[in-house]
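Here's the letter readout for the chains.
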Amino acid sequence: MIPADRHAELEVLLSRWDEAYHGKDDPEISDAEYDAARQELLQLEEAHPELKREGGASDRVGTMPDSAFGKHRHLVPMLSLDNVFGAEGFDGFVSRVGRFLGLTEEGLQALQFVAEPKIDGLSISLTYENRKFVRGTTRGNGIEGEDVTANLLTLKDVPSTLPNDAPDVLEIRGEVFLSKKNFLDLNEQQEKRGIKPFANPRNAAAGSLRQLDPEITRNRPLSLFAYAQGYSSSPVSETHWEYLETLRRWGFTVNPLSERIEHARDIPTYVEKIARERSGLDYDIDGIVFKLNDLSLQERLGFAGRAPRWAIAWKFPAEQAMTRLLKIEIQVGRTGALTPVAHLEPVNVGGVIVSRATLHNEDEIERKDVRDGDLVRLQRAGDVIPQILGVVESDKPRGPRYVFPDHCPVCGSLAERVHGEAVRRCTGGLTCEAQVVERLIHMVSRAAFDIDGLGERSIREFHAAGYILKPGDIFRLKNHQDTLLKRDGWGQLSVENLLRAIEERRTISLARLIFGLGIRRIGERNAQLLARHYGTFENWRDAMVSAQSGTEERDALGSIMGVGGAIADELVAFFSEEHNVATLNDLRSELHTIETEAAPSDGHLSGKTIVFTGTLTTMTRPEAKAIAERLGAQVTDSVSKKTSLVVLGEKAGSKAKKAADLGLETVDEAGWRTLAGL
Ligand code: IVH
């Protein structure tokens, strides 16, 4: 692949992964895979500087999620850290510091550092004005974050006032995290309530902090280590170490393992000590942060891009362990994907007991040649579910090679693997019980219908009992109230609560409804795009039903979805199946109101009426129309006094003349592209 294409591909992937990680607290890939992709992007940009774009993935520090929280600009930006992975990398960092400051070898030896464990949580900024806590924000995109003041107030580690010696205006940075124990307890509760468990403590902490109801946050025992300064109206100290001591005195919690390191040569000892203690700590750390102690040196060094020159993160490798693979099991997901899961003899990996691991797909099993009964090496990179690195040689005879099924283990339908894809899929569609159940589980999930008390467990139970066989049945569950009450584990109160929670969701936003259908490739973001574009349920459904390949609707659909093709095809495929449409209509008949979505108010073409005329050379007419609409404009066919703008393509005829006669604003295609921000 040519570098420009690979670069563009990495940009798309990284922005999707960023969104999943920061925006939804639900990562799509492991940190290691993310780091590798980011590293590749940076290398490409180093070799081909012309590929780098402003605001691209290499400039980004997290993303700004679509937020229900107010946004707030940090007084001093919240940046990230550069990483090294061992002594060699660290020495490189020290040399760079030395070169920048023009230090002699002696000067280099005299540099003092502060070492702090690198907590795998989420960074936040606390603002104090006149010694009162006034605001707490997440990092967001580094420039502005989300206002989570009310939630941070529930943390015992956030003092609400500071003593008299604190500056008038002060920003303090730290890491919010959940201890391993609290994380496991929280996940157990989530699973009991039928809510998808969090993948790792970091996501759990992020999800807990970004709750709209602070009372929920209060019940999640979040902690905070304070470790850095943002803005300060007057200096607090001359060294970072003194700063940490001051923070302690002011009532913040500073990580007790933080140490002042007098000489760079003492660093390996510290690293070894922390590496030894790591798995016994009650919180996940993924490395050590080293900061120059002298704040005047920090100031001279300043920042390069997204990271300070005066600090470095020494990252640890993921934690590993060995155990026996009991059995490879195939799970069938919502879209029919056959996913192999390894059941393991429970083992402690870096302080977390694990009994399952993902094997990703057929090729992965083939590559690693893992078999039932093998001794395997595991690695956990922050997540509860570890990866299998490979088989450990043993003298015991091994079982037979694993044969990946070519039929669905649940419904027996053919399981197909489309050329070029890694995943094998059951072709049973809605005749496959597994897919039906997974779709129902998806439908009631947090980002979709979000029905409290109706989670994975209850859906499986009600499906097996025959109460809920398709989405509309959820809203007819009340018809089974009497038999439901007789079931084990259900009492008057729990049934009443459940039925009330269901009733509350008869009113739903269009975006949640679309997302809830669980159509392949239609995640929250795409669902929102569709909802915003079509506005009402009926509009959307009718457009989907008439969008067949080759039609103008299908082309417009491709443009609305931005990247287009594959996503639009999934929608077309879903709506070309009559039973899907029937199931959707059945669900619709149970819902009271489907809240329509307002046109995007931030669209800078809001309120404008645009006419396209002539031939456009860089995009199709439906695409131009979709783009204009996405930006809030209305597109009409005929030019009148009410037209705000006429876009003149090649060979524009009578409409161009009419626009000139009426004295309307006109632009050519290039002008239109600029206007649309293309
Ligand atoms: S200092 C400008 N200190 O690691 C310096 N960061 O990979 C800002 N982190 O965004 C960060 N423990 O979320 C610092 N003791 C520590 C840290 C720490 C964890 C996180 C923080 C930061 C990320 C960078």
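Keep in mind the model is a prediction, meaning the values are calculated, not measured.

A.B. asks: Describe in detail the UniProt feature "binding site: Zn(2+)" (unreviewed entry) in the protein chain, supporting the description with residues and values.
C.D. replies: As recorded in UniProt, the feature "binding site: Zn(2+)" (unreviewed entry) lies at C408, C411 and C432. Across 25 residues in sequence, these annotated residues keep their C-alpha atoms within 8.6 Å of one another, forming a single compact spot. One can find C408 in the loop between strand 18 (387-391) and strand 19 (415-417). If near-sequence neighbours (up to four positions away) are discounted, C408 is found in contact with V332, S413, A415, C426 and C432. Along the chain, C432 turns up in the loop between strand 20 (424-426) and helix 13 (433-443).

A.B. asks: Report on the site of the ligand, specifying residues and quantitative values.
C.D. replies: Around the ligand, 14 residues are found, and the nearest of them are E116, R139, E175, Y227 and K291. One of the side-chain nitrogen or oxygen atoms of E116 is found 2.7 Å away from a nitrogen atom of the ligand. Between a nitrogen atom of the ligand and a side-chain N or O atom of K291, the distance comes to 3.0 Å. Here the ligand, which alone exposes 530 Å², has 89% of that area covered by the protein.

A.B. asks: So, the pattern of salt bridges: which residues are in play, and what are the values?
C.D. replies: In the structure shown here, the tally under the stated rule is 42 salt bridges. Note that R380 and D284 form a salt bridge whose closest N and O atoms lie 3.1 Å from each other. Linking R380 in strand 17 (residues 375-380) with D284 in the loop between helix 10 (267-277) and strand 10 (285-292), this pair joins segments that are 96 residues apart in sequence. Across the pair, D284 and R380 agree in class, each one buried. Each of E366, D369, R371, D374, R398 and R401 takes part in one network of salt bridges that share partners.

A.B. asks: Any chance you could break down the sheet that holds strand 25 (residues 645-648) for me, citing the residues and the numbers?
C.D. replies: Strands sit in the order 24-23-25-26 across an open sheet of four strands; the sheet is parallel. Two strands lie at the open edges of the sheet, namely strand 24 (634-636) and strand 26 (666-668), each paired on one side alone. Pairs of neighbouring strands in the sheet enclose a mean axial angle of 30°, with direction left out of account. As judged from the four bridges shared by strand 23 (residues 609-613) and strand 25, these two strands associate in the parallel manner. Residue pairing across strands places T613 opposite L648, the latter belonging to strand 25. Contacts from helix 24 (residues 621-630) reach strand 23 and strand 24, with the element oriented near 165° to strand 23.

A.B. asks: I'd like to hear about unusual backbone geometry, residue by residue, with values.
C.D. replies: One non-glycine residue with positive phi stands out, namely H360, at about 65°. Locating H360 in the fold gives a position in the loop between strand 16 (352-358) and helix 12 (362-368). One non-glycine residue, K651, lies in the positive phi region at around 55°. You can call K651 exposed: its relative accessible area is 80%.

A.B. asks: Any details on the packing of aromatic side chains? Residues and values, ideally.
C.D. replies: Describing an aromatic ring pair means giving the distance of the ring centres and the angle of the ring planes. Tallying each qualifying case throughout the model produces 21 aromatic pairs. Between Y270 and F290 the ring centres are 6.3 Å apart and the planes differ by 70°, which places this aromatic pair in the edge-to-face class. Here Y270 is found in helix 10, whereas its partner F290 is found in strand 10, with 20 residues between them in sequence. In this pair, the class of Y270 matches that of F290, namely buried. Taken together, the ring pairs in this structure connect F90, F93, F113, Y270, F290 and W314 into an aromatic cluster.

What counts and how
- Here the residue index of a chain counts from 1 through its sequence in written order.
- Restriction of local features to residues with pLDDT of at least 70 applies here, the model being predicted, together with a cutoff of 80 or more for giving and counting side-chain atom pairs; totals for whole chains, interfaces and linings are based on all residues.
- Side-chain measures here rest on the full set of heavy atoms in the structure, leaving out hydrogens and waters.
- UniProt positions are given in the numbering used here, feature names are shortened, and annotations may be inferred rather than shown by experiment.
- Labels follow the DSSP assignment, with helices taken as runs of H or I lasting at least four residues and strands as runs of E lasting at least two, numbered in each case from the N terminus.
- Residues count as neighbours in contact if any of their non-hydrogen atoms are within 4.5 Å of one another.
- When we say a residue is near a molecule or strand, we mean one of its heavy atoms is within 4 Å of it.
- Polar contact criterion, stated in full: a pair of N or O atoms within 3.5 Å, where within protein one must be able to donate a hydrogen and the other to accept it, and residues adjacent in sequence count only if both atoms are side-chain atoms.
- Where accessible areas are quoted, they stem from the Shrake-Rupley method and a 1.4 Å probe; at the residue level, only the protein chains shown are allowed to cover.
- For this analysis, a salt bridge means a side-chain nitrogen from Lys or Arg found within 4 Å of a carboxyl oxygen belonging to Asp or Glu.
- Each residue is assigned to one of three classes by its accessible area relative to the maximum for its type, calculated with a 1.4 Å probe on protein chains only: buried under 20%, partly exposed between the two thresholds, exposed over 50%.
- Pairing between strands requires that DSSP locate at least two bridges from one strand to the other.
- Orientation is described by lines fitted to C-alpha atoms, with helices fitted over the stretch in contact, and by angles between N-to-C directions that extend from 0 to 180 degrees.
- Only the six-membered ring of Trp is used, alongside the rings of Phe and Tyr, when aromatic pairs are assigned; centres must lie within 6.5 Å, and planes under 30 degrees apart are stacked while those over 60 apart are edge-to-face, with the rest tilted.

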